[in-house]
Amino acid sequence: VLTVRDRSGSCLGMGARRTPPHGSHGSADISHDADSYPQEVEVGNVEYKLKLVSPTPARFQQLVTQLAYRLAEGRGRAVYLLGVEDDGALHGLCPRDMSASLGTLRRMCGHVSARMVVAAQRTKGVPTGRIAEVRIEQFAECAQVEVRIAVLGSAQAGKSSVVGVLAGGPGALDDGKGSARTLVMRHMHELETGATSSISQQVLGFDGASRLLNWTEELARTTSELCASSTRVMTLLDLCGEGRFLKTTLAGLTAHAPDYALLCVGADVGITAATRLHALLAAGLGVPVVALLCKADVADATSLGNLAEATLRLLAECGFSSPPHPPR
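Residues numbered from 1 in each chain as written. Predicted model: local features only at pLDDT ≥ 70, side-chain atom pairs only at ≥ 80, totals over all residues. Heavy atoms only, no water.

Go over the confidence of the model for the protein, please, and point to the residues and values.
Confidence in the prediction of the protein, expressed as mean pLDDT, is 81, and 80% of residues score 70 or more. When mean pLDDT is taken per element in the protein, helix α7 (residues 273-284) scores highest with 95 and strand β1 (residues 2-3) scores lowest with 40. Confidence drops under pLDDT 50 across residues 1-26; counting only partners more than four residues distant or on other chains, this segment forms 79 contacts. (pLDDT = per-residue confidence, 0-100. Helix = DSSP H or I, 4+ residues; strand = E, 2+ residues; numbered from the N terminus. Contact = heavy atoms within 4.5 Å.)

Laid out in structure tokens, this is it:
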């Protein structure tokens, strides 16, 4: 594997996702004089609550689950508006109900290892009492870290097989005839041709000790179970290698905002025009690259050494600096 630095010279490594642009996860400013707010949406980290007074145990558990979801959407941060209807209408709470609602929210935070602060309160234009904006932040050691890796390379370079082996569980090694890639391909024509035409996402979950959590002794975990139990999540984005699917590859590199790119180079075909194009795209978008030489069993040591040197030259030509460690 050839590890390279990004264009700024920073050393590659596991880390948190990029911080989204300000406001991209929603924000709440109750200081203005609007008569209502936009209708609440199911995605994002902003939640409206009319009140949280004396919920039943079952309802309280639902509220905790909902808070955990909002924190996940905001990557450890959430905003709650108390005294606001789901449609954004301002209702307000009397002092007693506001105090009870804040107490319930504080208990909810205790169940997800988070802290809360009342950022602002408003009475102007509120029919009854006041509304409150509460900002919630999960403790850093409990916040989940996600890393997204876009798998690039020319057609038949071994991209889907690599993803299939990593995500396929124990005994998922490829048989040399493409068995591993069948675990991640989504369409019948992909299985028939061996060419990826869509974006396939495979999730790997790790605990605090870096143990892989994808499988129990008996069966694989679902994605929701995996994300709920993991402190670190790695999402592998298997992208297309053929030129006719370039728009799909570009969508994976932009809309999915990968933290790193894994550039697969097949030892049987070497560096192709598609390999060069994908490396240039990653460089242009500022995505750090890790190069992986695939199908090493079909080449001798001399050929692999030459291919490694050629790959390093390609990355240098694309603007990446020298790797901090020798190829291995």
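What follows picks up the thread again.
Outline the packing of helix α1 (residues 57-73) against helix α2 (residues 95-111), listing residues and values.
Packing of α1 against α2 leaves a shortest axis separation of 9 Å and a crossing angle of 65 degrees. Pair α1 / α2 crosses with right-handed handedness. Taking contact as the criterion, the partners of F60, L63, V64 and L67 in α1 are, on α2, T104, R107, M108, C109 and H111. (Axes fitted to C-alpha atoms, helices over the stretch in contact; angles between N-to-C directions. Left-handed = near helix turned anticlockwise from the far one by under 90°.)

Describe the environment of T275, listing the residues and the values that go with them.
Note that T275 resides in helix α7. Along the backbone, T275 and A157 are 118 residues apart, and their C-alpha atoms lie at a distance of 9.1 Å. In this structure T275 touches S154, L263, V265, G270 and L314, once residues within four positions along its chain are discounted.

Describe the pattern of salt bridges, with residues and values.
Scanning all chains against the criterion turns up eight salt bridges. In this structure, E47 and K49 form a salt bridge, with 3.4 Å as the shortest nitrogen-oxygen distance. Of the residues examined, K49 reaches a relative accessible area of 9% and is grouped as buried. With a shortest N-O distance of 2.9 Å, E317 and R276 are connected by a salt bridge. A residue pair is termed long-range when its members are at least 10 positions apart, and E317 in helix α8 (residues 301-317) and R276 in helix α7 qualify at 41 residues. Linked by salt bridges that have partners in common, E47, K49 and R70 make up one network. (Salt bridge = Lys/Arg side-chain N within 4 Å of Asp/Glu carboxyl O. Buried < 20%, exposed > 50% of the residue type's maximum accessible area, 1.4 Å probe, protein only.)

Tell me about the sheet that holds strand β2 (residues 46-49), residues and numbers included.
The strand order across the open sheet built from four strands is β2-β3-β5-β4, with neighbouring strands paired in mixed fashion. What marks the edges here is a single partner per strand, and that holds for β2 and β4 (114-122). Looking at each pair of strands side by side, their axes are set apart by 20 degrees on average, direction ignored. Note that β4 and strand β5 (residues 131-138) share eight bridges and pair antiparallel. Directly across from V117, in β5, lies its bridge partner R135. The strands that α1 touches are β2, β3 (77-82), β4 and β5; relative to β3, the one it contacts most, it runs at about 130 degrees. (Pairing = 2+ DSSP bridges.)

Help me get a handle on α2, residues and values and all.
Taking 1.5 Å as the rise per residue, α2 with 17 residues should run 24 Å; its terminal C-alpha atoms sit 25 Å apart, in good agreement. Along α2, the residues that are buried comprise D97, M98, S101, L102, T104, L105, M108 and C109. The arc that holds every buried residue of α2, seen down its axis, measures 160 degrees, which confines them to one face. Facing away from the buried side of α2 by more than 90 degrees, the exposed set consists of P95, R96 and G110. Here the buried face of α2 lies against α1, β3, β4 and β5. Immediately beyond the C-terminal end of α2, within one or two residues, lies S113, with a positive phi of roughly 55 degrees. (Expected span 1.5 Å × (residues − 1). Arc of directions from axis to C-beta.)

Lay out unusual backbone geometry in plain terms, naming residues and giving numbers.
A negative phi angle is the norm for most residues apart from glycine, just as the trans form is the norm for most peptide bonds. At A257, a residue that is not glycine, the phi angle is positive and equals roughly 45 degrees. Mapped onto the secondary structure, A257 falls in the loop between α6 (246-254) and β9 (260-266). With relative accessibility at 28%, the residue A257 sits in the partly exposed group. At K295, a position not held by glycine, the phi torsion is positive, near 55 degrees. Residue position: K295 is located in the loop between β10 (289-294) and α8. Classification of K295 as partly exposed rests on a relative accessible area of 30%.

Could you give an account of the packing of aromatic side chains, with specific residues and numbers?
Evaluated as defined, the whole model comprises zero aromatic pairs. A cation sits over an aromatic face here: R107 above F60, 4.3 Å from the ring centre. (Phe/Tyr/Trp six-rings, centres within 6.5 Å; stacked < 30°, edge-to-face > 60°. Lys NZ or Arg CZ within 6 Å of the ring centre and 35° of its normal.)

Account for the pairing of β5, with residues named and values stated.
Here β5 lies mainly inside the structure; six of its eight residues are buried. Sheet analysis places β3 next to β5, joined by six bridges and oriented antiparallel. Considered in β5, the bridge of L81 is made with E133.

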